[in-house]
Amino acid sequence: MKLRTRLRRRDSGCAGYTLAEMVMVVTLLLTLTGIALPVAKFTHKRLKESELRLALRTMRSAVDEYKRYSDAGLIPIEVGTDGYPKELEDLVEPIDLVGQVDRQIRFLRRIPLDPMTGETEWGLRSYQDEPDSPTWGGENVFDVYSMSEGVGLNEIPYAEW
């Protein structure tokens, strides 16, 4: 009988969490979520900006290397291009080296995606254009920039990077 009484007493008590405990847990979770979301957005934007820097550096290095090869006379140049590629796609196409049989060079495997726009379309400047010109003259490719209208974490528009 004593055992039965003990079991009844234990079963009759309320088991579980109180309303106050539940409110505290929910409040704590909401606070942590409120802190984590802005940090995640900031981290995602910083990652995209890092990808943009890498893509711009890669393409600008390829343009410079193309110019170096053309100045050295290793690749044929078109009149009026000043040794720069005529179009951005010229960096992807294989080019025959002058004076070397069956030897070709590519400066890029592919045109990288602009991480800010998700497109392979880039803003171009030719050697004859003004440094801050928003339009491309079409003579050659001297520089590339992002077509995104966004502003970076450093408060400089992506188009000016």
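Everything discussed here concerns the structure shown above.
Cut-offs used in this document
Residues numbered from 1 in each chain as written. Predicted model: local features only at pLDDT ≥ 70, side-chain atom pairs only at ≥ 80, totals over all residues. Heavy atoms only, no water. Salt bridge = Lys/Arg side-chain N within 4 Å of Asp/Glu carboxyl O. Helix = DSSP H or I, 4+ residues; strand = E, 2+ residues; numbered from the N terminus. Buried < 20%, exposed > 50% of the residue type's maximum accessible area, 1.4 Å probe, protein only. Lys, Arg positive; Asp, Glu negative; His and termini not counted. Polar contact = N/O pair within 3.5 Å; in protein donor to acceptor, adjacent residues only side chain to side chain. Contact = heavy atoms within 4.5 Å. Expected span 1.5 Å × (residues − 1). Phe/Tyr/Trp six-rings, centres within 6.5 Å; stacked < 30°, edge-to-face > 60°.

1. Observations regarding the pattern of salt bridges
This structure, assessed with the given rule, holds four salt bridges. A salt bridge links Asp 143 to Arg 60; its shortest N-O distance comes to 2.8 Å. Taken as a pair, Asp 143 in strand β4 (residues 143-145) and Arg 60 in helix α2 (residues 19-71) lie far apart in primary sequence, 83 residues in all. By relative accessible area, which is 18% here, Asp 143 ends up buried.

2. Digging into the side chain of Asp 114
With respect to the secondary-structure elements, Asp 114 resides in the loop between β2 (104-105) and β3 (123-125). Lys 48 is the oppositely charged side chain nearest to the buried, salt-bridge-free Asp 114, at an N-O distance of 8.4 Å.

3. Re the side chain of Asp 143
One polar contact links Asp 143 to Arg 60, side chain to side chain, over a distance of 2.8 Å. Residues within four places of Asp 143 in sequence aside, it is in contact with Arg 60, Gly 123, Leu 124 and Arg 125.

4. Some points on α2
If you check α2, its first and last C-alpha atoms are 78 Å apart, about what 53 residues at 1.5 Å a residue would give, namely 78 Å. Here α2 has its buried residues at Glu 49, Leu 52, Ala 55, Leu 56, Met 59, Ala 62, Val 63, Tyr 66, Lys 67, Tyr 69 and Ser 70. In this structure, the buried side of α2 is in contact with β1 (95-96), β2 and β4. Of the residues one or two after α2, Gly 73 is the one with positive phi, at around 80 degrees.

5. A closer look at the packing of aromatic side chains
Summed over the entire model, instances satisfying the criterion amount to six aromatic pairs. Here the aromatic rings of Tyr 84 and Tyr 127 are separated by 5.7 Å at their centres, their planes lie at 25 degrees, and the arrangement is stacked. One end of the pair, Tyr 84, is in the loop between α2 and β1; the other, Tyr 127, is in the loop between β3 and β4, and 43 residues separate them in sequence. Where Tyr 127 meets Phe 142, the ring centres are 5.4 Å apart and the plane angle is 70 degrees; that geometry is what we call edge-to-face. Of this pair, Tyr 127 sits in the loop between β3 and β4 while Phe 142 sits in the loop between β3 and β4, and the two are 15 residues apart along the sequence. By relative accessible area, which is 37% here, Phe 142 ends up partly exposed. Counting every residue linked through ring pairs, the aromatic cluster contains Tyr 66, Tyr 69 and Phe 107.

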